[in-house]
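Reading the structure
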Amino acid sequence: MLPNDGRVVSNFIVQCLKGEDLTIYGEGSQTRSFCYVTDLIDGMMRMMNSPDDVIGPVNLGNPEERTILQLAEQIKVMTGSSSRIVFRELPQDDPIRRRPDIGRATSTLGWTPKVGLNEGLTSTIDYFRRSILRSALARASGSPVICAAEASARNSLDLEIAS
């Protein structure tokens, strides 16, 4: 996971850890469901190891919804950040609600997500804290390997924005 991958969880965490404003599009009332990567991998493994007569689609995800504003406030608290929450215009194509129906995954694969949002956020915040610290130390020491990797990541982002 890159700090600049454009996803809401990583954006909010990095913004909080750097003391930057948290950017919310719209009023923050749109909902999202967050599923930790280990749960997704478990679900995919169960699907790949299922009998041949089990065919897709099978939705994987966490059906527990949070508003974007709730997520921002939770990450602020968990990081101890004093970042401000700022609101920008909601893009027209931004979905109002995202919540997977995992009924088939539960009934067919015996799968449900196990990692709650707090636990997943704790791990992800720790990851980004270490990543930001490593980057700062590398810049301070002039480490060419890490600095080159950061430049590459920035160039990737520039290419995505330009596309």
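Residues numbered from 1 in each chain as written. Predicted model: local features only at pLDDT ≥ 70, side-chain atom pairs only at ≥ 80, totals over all residues. Heavy atoms only, no water.

1. What to know about a nonpolar patch on the surface
Residues V37, I41, M44, M45 and M48 make up a contiguous nonpolar surface patch of roughly 490 Å² in combined accessible area. Exposure remark for I41: the relative accessible area of 43% places this residue in the partly exposed category. (Patch = residues over 30% accessible without salt bridge, like charges linked within 9 Å, V, L, I, M, F, W, Y side chains within 5 Å. Areas by Shrake-Rupley, 256 points an atom, 1.4 Å probe, with all protein chains shown as cover. Salt bridge = Lys/Arg side-chain N within 4 Å of Asp/Glu carboxyl O. Buried < 20%, exposed > 50% of the residue type's maximum accessible area, 1.4 Å probe, protein only.)

2. Remarks on the environment of E73
If you trace the backbone, E73 turns up in helix 3 (residues 68-79). A relative accessible area of 41% places E73 in the partly exposed class. For E73 and S83, which are 10 residues apart along the polypeptide, the C-alpha to C-alpha distance reads 9.9 Å. (Helix = DSSP H or I, 4+ residues; strand = E, 2+ residues; numbered from the N terminus.)

3. Looking at helix 5 (residues 117-141)
Between its first and last C-alpha, helix 5 extends 36 Å over 25 residues, near the 36 Å set by a 1.5 Å rise per residue. G142 sits one or two positions beyond helix 5 and adopts a positive phi of about 75°. (Expected span 1.5 Å × (residues − 1).)

4. Regarding the pattern of salt bridges
This structure, assessed with the given rule, holds six salt bridges. Residue R46 is joined to D42 by a salt bridge in which the shortest nitrogen-to-oxygen separation is 3.2 Å. Taken as a pair, R46 and D42 lie in helix 2 (residues 37-48) at a separation of four residues, close to a single helical turn. R46 gets classed as partly exposed once you look at its relative accessible area, which sits at 30%.

5. A word on the environment of E20
By the element assignment, E20 lies in the loop between helix 1 (8-17) and strand 1 (22-25). Here E20 falls in the partly exposed class, since its relative accessible area comes to 38%. Linking E20 and I85, residues 65 residues apart in sequence, is a C-alpha distance of 9.2 Å.

6. So, the packing of helix 3 against helix 5
Where helix 3 contacts helix 5, the two axes come as close as 11 Å, and the packing angle between them is 60°. In this view, helix 3 runs oblique relative to helix 5, as classed from their interaxial angle. When you trace helix 3 past helix 5, the crossing you get is right-handed. Contacts between helix 3 and helix 5 involve L71, Q74, I75, M78 and T79 from the former and L117, N118, L121, T122, I125 and R129 from the latter. Residue composition of the contact of helix 3 with helix 5, grouped by class: six nonpolar, four polar and one charged. (Axes fitted to C-alpha atoms, helices over the stretch in contact; angles between N-to-C directions. Parallel < 35°, antiparallel > 145°, perpendicular 65-115°, else oblique. Left-handed = near helix turned anticlockwise from the far one by under 90°. Contact = heavy atoms within 4.5 Å. Nonpolar A, V, L, I, M, F, W, Y, C, P; charged D, E, K, R; others polar.)

Nothing here speaks to function; it is geometry throughout.
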